[in-house]
Amino acid sequence: MKPTYSNQSKTKRIELVFDLYRKYGEEDYIGEPVSQIEHMCQSAQIAEKEGYEEEVILAAFFHDIGHLCVHLGNFESMDGYGIKSHEKIGGDFLRDLGFPEKVAKLVENHVQAKRYLTYKFPEYFDKLSEASRKTLEFQGGKMNASEAAAFENDPLFEVSLKMRTWDEMAKEEHVPLPDLENYKKMAERILAS
């Protein structure tokens, strides 16, 4: 039975999320030159620089939280390339914590955006890192025409593609970590609204 967090106080729910980052964020980011926390912080920083609202910035910060959720239960691995269905695990985790659907859906959509882009633009596949190519196999591979058409009709389609762009950009070495307190305060504001 999966744990439920929605009945906990807002403070406890936020602490649970940020404890994952504090305890496990320094773990290897599946074959990339940065840690999990560096990757997710860089994604959020790019979203912030581009002027997106807090829900989108927080979704960028949380986009790979499903990989950290491995420490909360038993999940299937992608042969050493992280957790299978990490986008769904992360989205469901955030929903259960009470985050808005937009945040959870954007977390889920970052993988769908990769599948879409490799379908729509075959050259996009060539730009993927080796780790990203490997995980694509576990994530359903390229979309087919009907999946792509459905995804194009998603109200979050455009920002989901941006999330994917940030995901690919957020692999720079030696970028100082921002103060996580800023993201914590964002989370508090969003859960309070």
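Residues numbered from 1 in each chain as written. Predicted model: local features only at pLDDT ≥ 70, side-chain atom pairs only at ≥ 80, totals over all residues. Heavy atoms only, no water.

- As recorded in an unreviewed UniProt entry, the chain goes by Phosphonate degradation operons associated HDIG domain protein and comes from Algoriphagus halophilus.

### Section: helix H1 (residues 10-24)
In step 1: When the terminal C-alpha atoms of H1 are compared, their 21 Å separation across 15 residues agrees well with the 21 Å that a helix rising 1.5 Å per residue should span.
In step 2: Listing the buried residues of H1 in full gives Arg13, Ile14, Leu16, Val17, Phe18, Leu20 and Tyr21.
In step 3: Buried residues along H1 sit against helix H2 (36-49), helix H3 (54-62), helix H4 (65-68), helix H5 (86-97) and helix H11 (180-192). (Helix = DSSP H or I, 4+ residues; strand = E, 2+ residues; numbered from the N terminus. Expected span 1.5 Å × (residues − 1). Buried < 20%, exposed > 50% of the residue type's maximum accessible area, 1.4 Å probe, protein only. Contact = heavy atoms within 4.5 Å.)

### Focus: the packing of aromatic side chains
In step 1: This structure, assessed with the given rule, holds 11 aromatic pairs.
In step 2: Ring centres of Phe18 and Phe61 lie 5.8 Å apart, and the angle between their planes is 20 degrees; this geometry places the pair in the stacked category. With Phe18 in helix H1 and Phe61 in helix H3, the pair connects residues that are 43 residues apart, well separated along the chain.
In step 3: Where Phe62 meets Phe99, the ring centres are 5.2 Å apart and the plane angle is 70 degrees; that geometry is what we call edge-to-face. Taken as a pair, Phe62 in helix H3 and Phe99 in the loop between H5 and helix H6 (101-120) lie far apart in primary sequence, 37 residues in all.
In step 4: When its relative accessible area of 0% is taken as the criterion, Phe62 is described as buried.
In step 5: Grouping aromatic residues by their ring pairs yields a cluster made of Phe18, Tyr21, Phe61, Phe62, Phe99 and Tyr183.
In step 6: Positioned over the ring face of Phe125 is Lys142, at 5.9 Å from the centre of the ring. (Phe/Tyr/Trp six-rings, centres within 6.5 Å; stacked < 30°, edge-to-face > 60°. Lys NZ or Arg CZ within 6 Å of the ring centre and 35° of its normal.)

### Remarks on the pattern of salt bridges
In step 1: On inspection of all chains with the given rule, the structure shows 17 salt bridges.
In step 2: Among the salt bridges present, the one from Glu101 reaches Arg95, with a minimum N-O distance of 2.7 Å.
In step 3: The exposure class assigned to Glu101 is partly exposed, which follows from its relative accessible area of 42%.
In step 4: A residue is classified by how much of its surface remains accessible, and Arg95, at 27% relative accessible area, is partly exposed.
In step 5: Between Lys120 and Glu152 there is a salt bridge; the shortest N-O distance is 3.6 Å. With Lys120 in helix H6 and Glu152 in helix H9 (residues 145-152), the pair connects residues that are 32 residues apart, well separated along the chain.
In step 6: For Lys120, a relative accessible area of 41% corresponds to the partly exposed category. (Salt bridge = Lys/Arg side-chain N within 4 Å of Asp/Glu carboxyl O.)

### What about the packing of H5 against H6?
In step 1: At a minimum axis distance of 8 Å, the contact between H5 and H6 shows a crossing angle of 175 degrees. In terms of orientation, H5 and H6 fall into the roughly antiparallel class. Only Glu101, Val103, Ala104, Lys105, Val107, Glu108, His110 and Val111 of H6 make contact with H5, whose side of the interface consists of His86, Glu87, Lys88, Gly90, Gly91, Asp92, Leu94 and Arg95.
In step 2: Residues belonging to the contact of H5 with H6 are distributed by class as follows: 5 nonpolar, 4 polar and 7 charged. (Axes fitted to C-alpha atoms, helices over the stretch in contact; angles between N-to-C directions. Parallel < 35°, antiparallel > 145°, perpendicular 65-115°, else oblique. Nonpolar A, V, L, I, M, F, W, Y, C, P; charged D, E, K, R; others polar.)

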